[in-house]
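# Survey of secondary and tertiary structure
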Amino acid sequence: MAATHVLFVEDDDVIREATTLALERDGFQVTAAPDGLTGLEAFRTKQPDLALLDVMVPGLDGVSLCRRIRDESTVPVIMVSARADAIDVVLGLEAGADDYVTKPFDGAVLVARIRAVLRRFRAAAADDPADEAALLAFGDIAIDPEGMEVTRDGARLALTPTEMRLLLEFAGAPGTVLSRDRLLERVWDYEWGGDTRVVDVHVQRLRTKIGQDRIETVRGFGYKLRA
């Protein structure tokens, strides 16, 4: 089996080289780029399995690069941000990133995040026997779990694999309040917990596609899909 190919865009030479070596030791193939424009070219020519993008890179910043990648592909994207730059985390997720890690990061945590995102992506791309084959309908939204397609008023919606898994989680329990912790565990594979901002931003992104009133916020508890 071919090694998983990761595109890593990072302008700090030390971090770029050390992280590349760490990922290669864990069996990943890595293409490293020092700036956003080089990263975009590498993404288009190398066609990696996952993109790991630092927010603050020259030429084309990581958030803009994420948007460019998302315009062309549903490949998983993880953003890298300095711990204090909370706004960068939100901007990256809103641009279409599936997850993020903060600097300084532990190599084992980074590898775990990468593998968790890849598991979600591959599960969404495969025919999952656990999914219901029947078409699910909620108002003007129709979900085909077997074909992994969603339509609204008959028009197909472009959902990322993470958004699709989030919607399927809601669709599996319509009218039931799902906590952020449960969604982190089921959708993001965070058994140890994680930053709930990743849930909030993805719910908002999903709302823009299926309708703002389709997913209700239950303050202090979580979210639920209106049946």
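See above for the structure.
One structure accompanies this document, and this report is about it. (Residues numbered from 1 in each chain as written. Predicted model: local features only at pLDDT ≥ 70, side-chain atom pairs only at ≥ 80, totals over all residues. Heavy atoms only, no water.)

### Section: the nonpolar core
If you look at the biggest cluster of nonpolar residues, it comprises 52 residues, and the most contacted ones within it are L53, M79, I143 and F170. When near neighbours in sequence (up to four residues on either side) are disregarded, F170 contacts L178, L183, V203, L206, I215, Y223, K224 and L225. Formed by 15 residues, the second largest nonpolar core is a distinct cluster that contains V80, V111, I114 and L118. (Core = buried A, V, L, I, M, F, W, Y, C linked by side-chain atoms within 4.5 Å. Buried < 20%, exposed > 50% of the residue type's maximum accessible area, 1.4 Å probe, protein only. Contact = heavy atoms within 4.5 Å.)

### Comments concerning the sheet that holds strand β10 (residues 178-179)
Reading across the sheet, the three strands line up as β10-β12-β11 and stay open at both edges, with antiparallel pairing between neighbours. Each edge of the sheet is formed by a strand with only one pairing partner; in this case those strands are β10 and β11 (215-218). Here β10 runs beside strand β12 (residues 222-225); their pairing, made up of two bridges, is antiparallel. Bridge pairing links L178 to Y223 in β12. (Pairing = 2+ DSSP bridges. Helix = DSSP H or I, 4+ residues; strand = E, 2+ residues; numbered from the N terminus.)

### Brief notes about helix α1 (residues 13-25)
What sets the pattern is the α-helix's 3.6 residues per turn: residues three or four places apart point alike. Compared with an ideal rise of 1.5 Å per residue, which puts 13 residues at 18 Å, α1 spans 18 Å between its outermost C-alpha atoms and is within 8% of the ideal. Where α1 is concerned, the buried positions are R16, T19, T20 and L23. Along α1, the residues classed as buried sweep out an arc of 105° about the axis, all on the same side. Those residues of α1 that are exposed and angled more than 90 degrees off the buried face are V14, E17 and R25. Looking at where α1 begins, the residue whose side-chain oxygen comes 3.0 Å from the main-chain nitrogen of V14 is D12. Positive phi shows up at G27, right after α1, with a value of about 95°. (Expected span 1.5 Å × (residues − 1). Arc of directions from axis to C-beta. Polar contact = N/O pair within 3.5 Å; in protein donor to acceptor, adjacent residues only side chain to side chain.)

### Description of the sheet that holds strand β4 (residues 77-82)
The parallel open sheet is built from five strands, whose spatial order is β2-β1-β3-β4-β5. In the strand order of this sheet, the two ends are held by β2 (29-33) and β5 (99-103), each with one partner. Strand-to-strand twist in this sheet, taken as the mean axis angle between neighbours without regard to direction, amounts to 20°. Relative to β5, β4 is paired through five bridges, and the arrangement is parallel. Residue pairing in the sheet places V80 in a bridge with V101 of β5. (Axes fitted to C-alpha atoms, helices over the stretch in contact; angles between N-to-C directions.)

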